[in-house]
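Commentary on secondary and tertiary structure
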Amino acid sequence: MMLFLCRNHLSSLFPNPTPWFDLSQPKIIFSDIKAGNINALDDQHLRYIDQKAFHLKYEGSSIRELAKILSSKAKTETEKARIIYTWITNNIAYDVGMSLNNIDLVDVNPATVLKERKTICSGYANLYQALAQEMGLDVVIIEGTATGSSYIVGDTAINHAWNAVKIQDQWYLLDATWGAGTVTETQFRKKFNPYYFATPPEQFIFNHFPADSAWQLLANPYTRENFEDLPDVSPGFFQKNIDLVSHRKREIKMGNQSQIILSVPQKTTVVTALKKNNQNIPDHYNLVQKEGKTVTIQSTFPELGKYKLDIFANSTQSQDYVHILTYQITATSINSPFPKTSIKFQENEGYLYTPLTYQLPNHKMVEFKLKVQNAIDIQVLNTETNEWTQLTRLDDLFMEKLKVGDSPVKVVAQFPGDPRYWTLVEYN
């Protein structure tokens, strides 16, 4: 999944020499800009407005006509601002071909966007502004830098456009482009995302840096250096109430003893994916462990160099893992991989103390020591000889010193009400 930009620049938000309406932005006194209270918006009512937008069909290309139809379904400023967002994101596709090849030739006039039903980011922003103004709302177009799929840290060029809309004398940020879907490789994938309507400013700043700092809507605006240091996070990071305990910068160095620590809700599990030069590194070069609300991620590396670490999370309410966070890592040391661990291991807050290497020493004594919440029995299984050895239990801690041969070994566990043994950890 990738969030997308309008490539490397916006030559103009309005390339047409004779636009259909007055393109001047509302006169804003920046000292009077006040960020809206996101909690004041009723999510349930917004979803009700979404349903109206989803079922509203319009085949024409008249801004005034569409605005009149939308206004018949929305009365308050909140309803109007939302129904415009939802209708646009549900009906306008992102034009990947134009974004990649001929951005300067794209006609982003609102009427053209409405007629063609596809555009780039500036077209989304223009159409939102045109409909909002026609419906009596104050709205601005904001230019700036967004950290989408083609963003390179250090590139200060303006590459994206979004909006702010005024609701009951307070301003709210929105990005209809990112709300419409995502780009996978060179294909647009339509997927309505309500997160980018009235996104809290303290979250929006993680991937949107306006050219005018006033439109951060933050009491203490970020500098560009602050912005570029921020980790690459997705909406799921905030929606799942995840927080950074360590490593609050996008680019980090990691060696053998390095750990990334996150705070996550009780029923949330985390998985990772490590890549180098877009090539997947085997999963067990990462070790993810959970104690209470703390997730610890350790990584080892097959060679020195640059890596990308993607982190995903789910919860018992949703079994689908969503991207939450990406780090750019410089490996400062190399080492062998960790043992392979299962989701069952993390779901039961497994924590492995020893051994921490995938390859066990042949015909030597090895101490197995791990903590697994809810387990009633843990055994070490020789997968070739089918020899089982029970670990000694002390509360949630299980341990034993065993002599291992040269066969693969699994650590398996049994849980209450289930006669089966589940694989927790695998060694070669």
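Residues numbered from 1 in each chain as written. Predicted model: local features only at pLDDT ≥ 70, side-chain atom pairs only at ≥ 80, totals over all residues. Heavy atoms only, no water.

Attention now goes to the nonpolar core. Core analysis: the largest hydrophobic core is formed by 90 residues, its most contacted members being Ile84, Ile88, Tyr128 and Leu262. Here Leu262 is in contact with Ile242, Asp243, Leu244, Val245, Lys293, Thr294, Val295, Ile297, Ile311, Ile324 and Leu325, once residues within four sequence places are set aside. If you look at the next biggest cluster of nonpolar residues, it comprises 21 residues, including Val380, Phe398, Phe415 and Val425. (Core = buried A, V, L, I, M, F, W, Y, C linked by side-chain atoms within 4.5 Å. Buried < 20%, exposed > 50% of the residue type's maximum accessible area, 1.4 Å probe, protein only. Contact = heavy atoms within 4.5 Å.)

If you trace the 4 strands from one edge of the open sheet to the other, you get E5-E4-E3-E8, paired in antiparallel fashion. Bordering the open sheet on either side are strand E5 (170-174) and strand E8 (208-210), each of which pairs with just one other strand. Averaged over all neighbouring strand pairs, the angle between strand axes comes to 45 degrees, with direction disregarded. Relative to E8, strand E3 (residues 139-146) runs antiparallel, the two being bridged by 3 bridges. Bridging from a neighbouring strand, Ala146 pairs with His208 of E8. Packed on one face of the sheet, helix H3 (residues 77-91) meets strand E4 (160-167) and E5 and runs near 160 degrees to E4. Helix-sheet contacts for helix H6 (residues 121-134) involve E3, E4 and E5, and the interaxial angle to E4 is about 20 degrees. (Pairing = 2+ DSSP bridges. Helix = DSSP H or I, 4+ residues; strand = E, 2+ residues; numbered from the N terminus. Axes fitted to C-alpha atoms, helices over the stretch in contact; angles between N-to-C directions.)

This paragraph deals with the sheet that holds strand E25 (residues 397-404). Spatial ordering of the open sheet is given by E20-E21-E25-E24, a layout of 4 strands whose pairing is antiparallel. Two strands in the sheet have a free side with no partner beyond their single neighbour: strand E20 (351-354) and strand E24 (392-394). Averaged over all adjacent pairs, the angle separating strand axes in this sheet is 20 degrees, with direction ignored.

Our focus in this paragraph is the environment of Asp232. Counting through the fold element by element, Asp232 comes out in strand E9 (residues 232-233). Overall, the relative accessible area of 23% leaves Asp232 in the partly exposed class. Considered as a pair, Asp232 and Thr326 are 94 residues apart in the sequence and their alpha carbons are 5.2 Å apart. The contacts of Asp232, once residues within four sequence positions are left out, are Arg250, His323, Ile324, Leu325 and Thr326.

Going through the model one piece at a time under the given rule, you end up with 7 salt bridges. For Glu134, the salt bridge is made with Arg64, and the minimal N-O distance between the two is 3.2 Å. With Glu134 in helix H6 and Arg64 in helix H2 (residues 63-73), this pair connects stretches of sequence that are 70 residues apart. By relative accessible area, which is 57% here, Arg64 ends up exposed. Among the salt bridges present, the one from Glu291 reaches Lys371, with a minimum N-O distance of 2.8 Å. (Salt bridge = Lys/Arg side-chain N within 4 Å of Asp/Glu carboxyl O.)

Right, let's talk about the packing of aromatic side chains for a bit. Evaluated as defined, the whole model comprises 14 aromatic pairs. Between the aromatic rings of Tyr85 and Phe197, the centroid separation amounts to 5.4 Å while the plane-to-plane angle is 50 degrees, which identifies the pairing as tilted. With Tyr85 in helix H3 and Phe197 in the loop between strand E7 (187-190) and helix H8 (201-204), this pair connects stretches of sequence that are 112 residues apart. No difference in accessibility class separates Tyr85 from Phe197, as the two residues are buried. Taking 5.2 Å as the distance between ring centres and 85 degrees as the angle between the ring planes, the aromatic pair formed by Phe237 and Phe238 counts as edge-to-face. Residue classification places Phe237 among the buried residues on the basis of a relative accessible area of 4%. Judged by its relative accessible area of 17%, Phe238 is buried. The ring of Tyr307 carries Lys276 above its face, with NZ or CZ at 5.0 Å from the centroid. A cation over a ring is seen here: Lys344 above Phe415, with NZ or CZ 5.4 Å from the ring centre. (Phe/Tyr/Trp six-rings, centres within 6.5 Å; stacked < 30°, edge-to-face > 60°. Lys NZ or Arg CZ within 6 Å of the ring centre and 35° of its normal.)

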